[in-house]
Structure formats: C-alpha cells, structure tokens
Amino acid sequence: MKNIFLLLISVIIITTSCNNQNNVREFKFSEIEPITGLASPVNLNPDTATVFIKDYFPENYVFDSITANKYLKLQLSDDSLQLKIIVTSDSLPKLSVLKFYLLGIEQDILLKKSEKIKYEFSFNPEDKKYKKVQIKGEMNAWNPNNTNLKFENGIWKTEIIAEPGNYQYLIVADGKEMLDLANPVKISNGMGGFNSVMKIGKTNNTELPYIFTKLTDDNLIFIGFKNNIKQLVILYKNFELSGDFITKSDTAYRIIIPGDARDQNRTFVRVYAANDSGFSDDLLIPLEKGKVVNHVRQLTRTDFEAATIYNVFIDRFFDGDSTNDRPTPDKRILPKANYFGGDIKGITDKIKSGYFQNLGINTIWISPIVKNVDGAYGNNAKPKTKFSAYHGYWPVSFTLIDSHFGTERDFKELVKTAHENNMNVLLDFVANHVHKEHPYYKQHPENFTQLHLPDGTLNLERWDDHRLTTWFDTFLPSLDLTKPEVYNMLSDSAVYWIKKYNLDGFRHDATKHIPNIFWQTLTQKIKTEIEIPEKRRIYQIGETYGSPELIASYVNTGQLNAQFDFNVYDAFTQAVAGNSSFTHLIDVMKTSFKYYGYHNLMGNITGNQDRGRFISYAGGSLRFNEDAKLAGWTRDIEVGNPVAYKKSAQLAAFISTIPGIPVIYYGDEIGMPGGNDPDNRRMMKFNNLNIPQNDLKATFSALLSLRRNSLPLIYGDFKFLKCTDDILIYQRTYFDQIFIIALNKTNQDYTAKINIDKRFDLIKLHSEFSITFKENNNTLEFTIPANGFAILSNKP
C-alpha cells in the first residue's frame, strides 16, 4: 500500500466568472466525465472503508491527487484499484467529500460518517445448558455464523456493532431457533410466527435536519430547511458546489446553477445535510438545459426515476402463437406445473393493443426466456408431482432463446414495438446457477461450487450461512463466480443480450447468492461498452431477501441501480393484511431511506412469483400461519372477503406515491388470487372481468398514470405528516407542488386534520379520487375511506 499525502491544494480546474445581472457562474468543464452517472455516496464504517476505483471510474485513469478531510487517511493500492479510507478521529464530520483530481478536472464523492455503535447483548439460558448459542437477525443478515455468543458466568454474551434502531432477531441454541424469552418485545414475521426485537441506541428524529425544494427561478434554486443545519453538501453532477454558487439566508439556501448545464439535456443537483442528531433527507433535482425540469413532458423513457414496471411471467401471460405450445409430455407433471403457452408474441400483441399503456406502464420486465431444459425435475410431496421448466429459471444455454417462448426474430420485434411505444424492456437474467444438463457444467464442473460441504452436509438451500455457494436444488449447480474465467464469461453473455436485442436493462435473479465481483465486472462492461459509447442509461434491479444493509451492499455506482424492497412490502402486507401496524411500517421505511436514500430506484412491489398473492392474504382466503405452497395445491385459494379489493387498491396507492419505482406483478391489477408457487402463476385473465376486478384495474391505471405525470411523485421530497397504528399520512413536494397521501386500515371512515406549510398555495388543491375536504388557513380536514386511501394535490 502507498500513502497518499493529503495536501491543501489549489488546482485550477474551473474558470469562473460572475455576471451580477443574471447570476451566472460559467464552468469550463472538460468534455470527459470520468464518473459515469451520479456517484453514489460512500457509507464509511466506524474504522475503515474501501472504495473500489473501477466502481466509479470504469475506464483507466491516472489521478494527479486524491484528497479528503484531515481526519481521514487514504491508502491507494499498488495497482491503483482500491482506495482504503481510515477514520483517524471521531471528530470527523458527518458529511465530507472525497476529491479526485485528474485530467485537469475534479470529481467528487460524498462520504457519510458511520453512525454505528457498540451494543452489549446477553442471553440468560436460566437452567438450560447449551453447547453453542448464536443469534440471527436483521443486524447480521440473518446469518447465525456471523454472531457467536460466549458463555461467561452463566450468561451468553456478545458485542454487536450496528446503527441505532430496532432489529428483529432469533436465538439459535445448539442449532434450534427460538424467541428470546427474556425479551417481551416481539413482532409477527409475516409467516405465522414471531421474531424478538432488540432496540439499539437512541434515535431523535425530531431534531434531525429537514431540507426541501422551495423555489426555482431561471438559473436559481432555493432550498428550504428546518432544524439546525450544521453541514450542507451540494453536488452538481459529480462536483461539489461552494463559494459564490451558494448563499444562505435565514430561511433558505440559494444555489446558482452552473452555466455548463445549459449545454446538457439532463444533469442533476443533489443536496445533503446533517447536524449533531444525524442526517437529513436528501434532494435530487433534475435539470434540462440549465433549468429545473418543470414538466413530465421533458422526461424520456430512460429517466428511470419515472419508471412504472410490469412484471410479465411469460408462460402465464398471453398465448400469441399457438404453434409453439408444447407442454412437457410427462405424466408425472401435474398441469399446474407445466407449460401453459404464453410467449413473446403474446406480449407484443398486448403492447400493440395498448394494454400496458392504458394501465400506465412504461417498462416491461419479462421473466427468463433463455433456453431451458426439457423434461421433468424436482419433487413435490403433496400432491406428488414433478415440474417442467415453464418458469425459465433452469437454463441450459447462456445465449439461446427457448423455443417454447419464440424466436430471436420474435424478441427483436417485441423490443422494437416497445420502443416505438415509448416503453422500456427489462429481461430477467439468471446468473447464479444452471441446470445440470447445461453443456458448460458438463464440460467445466470445476467452475461450480460443491454440493457437499466440508462437514459432509448438503450445501442445499443454505440461503444465509452459505449464501454465496449454496445450490438451489440437486440438479441446479451454482456457478463459482469468484473465478475470473467464470465471471468474465457470464458478464459477456449478459452484455450480449443487451447489445443483440437493444435491451434497456435487467432484473437479476438471486442477487445475494452471487459475489460482488460479478456485479462489478458486469456493470463496468455495461458502462464502457454501452452507456458511455451509446450515451444511454441501463437499469439493473436485483432480488435479495435480507437485511437493508445486505441489500444495500449491492446497490451503488459500481453494481446495481436498485433491488426490490421486500422489507417495505412485508411491513405493509403485515400492517394491512395482517395484525401489524403502520407504526412498524414507518420504522421500516425510515430504515430503507437511511440505506437507499430518499431518492432511490428501488422496486416497490405488489407481489411476485415466490409469494402468495396479496389479495388472498388481505381477504383471509390465505393465512399467514400456513404453508402457502401447500395451500395452493390442496384447496381453491380465492379472494375471500371482498374488502381485499380495497386493500389491494391501497397497496397500489402506497407504492405509486412513495420514493422508488412501482412494480406490478402480472394479474395484481385485477386482483388475481392464489397461494404460493405455482398457484400464484395462473394464466392471466383479460376478458369477462367482474365489477370489482374492473374497478381495481381502473384504480391501478389511474394511480400509475398519476405517478407518471406528477413530478412530486417522481422527484419530490418526502415527509411523514401523521402516523398512528392505523392511519398513515405523508406528503411529496416538488417546489410549489404538493401531494398529500393518506391511508386508513380500519373498517371505519376517518376524518383527518393536518397543517400544511404556508409556502404552498392551496387554492388549486383538489382531490385525485373524489375525496371531500375543507381548507382553512392551510389547515386541511378530509375523510379517508375505510380500508382506503385519499390523495390531494395542487398539481395543475
């Protein structure tokens, strides 16, 4: 390692001039932008952190110097690929900036000081004796091997280092999971059981700084604030603004947009703040030609912040070509586990008919279409059945299209048709494993992980303790993606799909089971081979079940744009369809904001192919304390109580109005019921819908269209206004526009009364869904329907 001498340097990278009449600051930027896209902040650990240079600088650059705060020591590896950041003092401010100087320009990356603290955890076994005690929970990615307790003076103890907050956990004593009986605080796990909850540290949200977009005028932006602001960092693209670009008054910060922005179609200003109590929300302000974007007409389909995604499960969606209908001819496969006939042409037909556009969708995510194995595999005990590869997750090729779904020509036509209709296409990419009949496995078994662990046990479905090597089934060997020859080969295959079919991105299966080096390699290739030369954005979203810290470890500039926020979905489902509360939901949302930011591209789902349908839980036809797969096989799972349609509409309202991207699992827009796999994969229904189904579909359409056409719901600031166990009210604001969203999970109408900041003109306030309201001196009174939602806005 070599130390970088931290210099107080004056490097002339920008020529500035001030015109007092129009407040313009002229940048003379190099046309080269070494960092592709916006550099994600680096969350420091209490002691050290490592920045992988290629994550931010995908092409080879030589740095003139790198500087940081005086309380940080920097060490660059000999190959200049890793930068180690060492925290030398607790006096380090909560926000600081890492500055790279190269090619006569400056590139800046925000650093956020860790808020992790030490917590002493103890477990009293009372009169029981154990040989080994561990804990598994949200603070250690649910991996008991990460936290072993020591037995001292009759008590099992360990030290946990984590952010202040509430964490679900279980005791694992001699391999057996149990609640911590000494801790009375517990919460439903959404599957019929409970988890204990530990509280680490204290949080004082009332003293946290709050920042918001206030006004914009020509090339000026005014940022309002509440509570004490001790630090403010403003980034234009990947450059920290300071000096004359920022002035402060008693109520706002004024930002002058750099003159350089006038020559660019899309740039961004980002704002972060902090005080002694913690970090503020963050702001993301889109610019076009040097002015703040003020209408959705200025957005394009690759402004993914405005995406609305529809998950097409291809075999079960629509049969557009009966000539490729070919169920696997094996009597051991029950019909529900065989091919139904949906195909690529069926999706194209639905694009042409306007189905997605009428629903408010602008991005289609298609389940895997790569060639899969023929034949019957797997075993289900009750009822006894094997399965075909109708789902697409048992690949025997890296590049060929499965003939059950269509041809190369069919897929090119689908993408072309989608683009002509201003829609994106994402493809589900399977990187973790192949089927044992895959030629690559037969030719290179050494490039796969082992099915048997050193202790002789099967490395099968070891989701947490062996998550990077586990096999999903005995016929699904996992690729050893730590080997360069493997991760380079597979990442080349992924890039091939984008280039050959002009795709807009991927949904990545089983993300947490794949080492980071694969995602880093793939994303670097996407940047250097597609995004930089073609000047277009590619969107990648992953699938990880686990803690926010684990999920976030894959979401950054060098890896994925996003993952699905299953934790928020689970908390909402437990609150509205189960016996949890909105209070718990808010705690989960705040944790998500902490890890992914208030302006993120995370996927907020209505459901997916691995879960029982939300509407069946909401209607009571499916119970949280039962095996949802078994239920789907052994009885008819329907909607149940019709109130479930209202609760499904409430879910749609929620995911359409919170930060992140709404993701609709096919059929949820009409309230398709079902247990878990494969019952949640019934054939899509387009005709002969009943009244509740048509009404729900109309509500989905109105909500998704509202989101796509409302800047506050795309780029807006977020703030909670009111929360009880049963009522949740929050606002989204974008300069002078405001949306107020309210949810009520009780069986009675609720009259809400809230105060709105006087900076908003409420003369044009109206209800988006026929809700009555009264306004007096910026105090709003309105009714939230039972098991329903209300949305008010002053949107023109």
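Here the structure is a predicted model, which means the values were calculated and not measured. (Residues numbered from 1 in each chain as written. Predicted model: local features only at pLDDT ≥ 70, side-chain atom pairs only at ≥ 80, totals over all residues. Heavy atoms only, no water.)

Chemist: Sorry if this is basic, but what is going on with the overall build of the protein chain here?
Modeler: Helix and strand content of the protein chain: 15 helices and 46 strands. For 796 residues, the compact-globule estimate of 2.2 N^0.38 gives 28 Å, and the protein chain sits close to it at 27 Å. Considered along the principal axes of its C-alpha atoms, the protein chain spans approximately 80 × 65 × 65 Å. Sorting the 796 residues of the protein chain into buried and exposed places 59% on the buried side. (Helix = DSSP H or I, 4+ residues; strand = E, 2+ residues; numbered from the N terminus. Rg over C-alpha atoms; globule rule 2.2 N^0.38 Å. Buried < 20%, exposed > 50% of the residue type's maximum accessible area, 1.4 Å probe, protein only.)

Chemist: Hey, could you run me through the packing of helix α4 (residues 408–420) against helix α6 (residues 484–501) in this one?
Modeler: Each pair of packed helices gets described by two things: the angle between the helix axes and the distance between those axes. Two numbers describe how α4 lies on α6: the axes approach to 10 Å, and their chain directions differ by 70°. Taken together, the axis directions place α4 and α6 in an arrangement best described as roughly perpendicular. The segment α4 lies against α6, with Glu408, Phe411, Lys412 and Val415 engaging Tyr496, Trp497, Lys500 and Tyr501. Residue classes in the contact of α4 with α6 are distributed as 5 nonpolar, no polar and 3 charged. (Axes fitted to C-alpha atoms, helices over the stretch in contact; angles between N-to-C directions. Parallel < 35°, antiparallel > 145°, perpendicular 65-115°, else oblique. Contact = heavy atoms within 4.5 Å. Nonpolar A, V, L, I, M, F, W, Y, C, P; charged D, E, K, R; others polar.)

Chemist: Could you clarify how one ought to interpret helix α9 (residues 566–576) in this entry?
Modeler: Owing to its 3.6 residues per turn, the α-helix brings residues three or four apart onto one side. Among the 11 residues that make up α9, 10 are buried, leaving the element largely enclosed by the rest of the structure. By the burial criterion, the buried members of α9 are Phe566, Asn567, Val568, Tyr569, Ala571, Phe572, Thr573, Gln574, Ala575 and Val576.

Chemist: Any chance you could explain the side chain of Asp565 here in plain terms?
Modeler: Along the chain, Asp565 turns up in the loop between β36 (562–563) and α9. This buried residue, Asp565, is left without a salt bridge; Arg611 holds the nearest opposite charge, at 9.2 Å. At 2.8 Å, the side chain of Asp565 and the side chain of Ser592 are in polar contact. Non-local contacts of Asp565, meaning those with residues more than four positions away in its chain, are made with Ser592, Tyr596, Met602, Gly603 and Asn604. (Lys, Arg positive; Asp, Glu negative; His and termini not counted. Salt bridge = Lys/Arg side-chain N within 4 Å of Asp/Glu carboxyl O. Polar contact = N/O pair within 3.5 Å; in protein donor to acceptor, adjacent residues only side chain to side chain.)

Chemist: What exactly am I supposed to notice about the packing of aromatic side chains here?
Modeler: What characterises a pair of aromatic rings is the spacing of the ring centres plus the angle enclosed by the ring planes. By the definition in use, this model includes 46 aromatic pairs. Where Phe313 meets Tyr666, the ring centres are 6.4 Å apart and the plane angle is 25°; that geometry is what we call stacked. One end of the pair, Phe313, is in the loop between β29 (309–312) and α2 (344–352); the other, Tyr666, is in the loop between β38 (661–665) and α14 (691–708), and 353 residues separate them in sequence. Relative accessible area serves as the criterion here: at 1%, Phe313 is assigned to the buried category. Residue Tyr666 is classed as buried on the basis of its relative accessible area, which comes to 0%. In this structure an aromatic cluster arises from ring pairing among Tyr310, Phe317, Phe318, Tyr355, Phe356 and Phe686. Above the face of the Phe279 ring, Lys94 is positioned so that its terminal group lies 5.9 Å from the ring centre. One Lys or Arg, Lys336, reaches over the ring of Trp633 and ends 5.3 Å from the middle of that ring. (Phe/Tyr/Trp six-rings, centres within 6.5 Å; stacked < 30°, edge-to-face > 60°. Lys NZ or Arg CZ within 6 Å of the ring centre and 35° of its normal.)

Chemist: I'm lost on the pairing of strand β14 (residues 155–162) in this one. Help?
Modeler: As a general feature of sheets, a regular strand has side chains that alternate between the two faces. Residues of β14 alternate between two faces, with Trp156, Thr158, Ile160 and Ala162 buried on one and Ile155, Lys157, Glu159 and Ile161 left unburied on the opposite face. Pairing between strand β13 (residues 150–152) and β14: 3 bridges, direction antiparallel. Across the sheet, Lys150 pairs through a bridge with Lys157, a residue of β14. (Pairing = 2+ DSSP bridges.)

Chemist: Would you take a moment to explain the sheet that holds strand β10 (residues 105–112) for this structure?
Modeler: Consider a sheet: its strands pair through backbone hydrogen bonds, and that pairing is either parallel or antiparallel. Strand order in the open sheet formed by 4 strands is β4-β10-β9-β6, and the pairing between neighbours is mixed. Of all the strands in the sheet, just β4 (42–43) and β6 (65–67) have a single pairing partner and so form its edges. In the sheet, strand β9 (residues 95–102) pairs with β10 via 8 bridges, with the strands oriented antiparallel. Pairing of Lys99 across the sheet is with Asp108, part of β10.

Chemist: Any chance you could explain the nonpolar core here in plain terms?
Modeler: Most often, soluble globular proteins keep nonpolar side chains buried together rather than apart. Counting 143 residues, the largest nonpolar core has Tyr310, Phe356, Phe411, Trp497 and Phe654 as the members making the most contacts within it. One finds Phe225, Phe245, Tyr253 and Ala261 within the second-largest nonpolar core, a separate group that totals 34 residues. (Core = buried A, V, L, I, M, F, W, Y, C linked by side-chain atoms within 4.5 Å.)

Chemist: When you look at the sheet that holds strand β30 (residues 363–366) in this model, what are you seeing that I'm missing?
Modeler: Taken in spatial order, the 8 strands of this open sheet run β36-β35-β34-β33-β30-β29-β38-β37, and their pairing is parallel. Across the chains shown, the open sheet's two edge strands, defined by having one partner strand only, are β36 and β37 (603–605). Where strand β35 (residues 539–542) lies against β36, 2 bridges are found, and the strand directions are parallel. Directly across from Gly542, in β36, lies its bridge partner Gln563. Where α6 meets the sheet, it contacts β33 (424–429) and β34 (505–508), and its direction lies at approximately 155° from that of β33. In this fold helix α13 (residues 643–657) packs onto β37 and β38, with an angle of close to 145° to the strand it touches most, β38.

Chemist: Teacher, can you tell me more about the packing of α2 against α4 here?
Modeler: The contact between α2 and α4 brings their axes to 9 Å, and the two run at 20°. Between α2 and α4, the angle falls in the class roughly parallel. Like other packed secondary-structure pairs, α2 and α4 cross with a definite hand, here left-handed. Contact residues: α2 offers Ile344, Ile347, Thr348, Ile351 and Lys352, while α4 offers Asp410, Phe411, Glu413, Leu414, Thr417 and Ala418. Residues belonging to the contact of α2 with α4 are distributed by class as follows: 6 nonpolar, 2 polar and 3 charged. (Left-handed = near helix turned anticlockwise from the far one by under 90°.)

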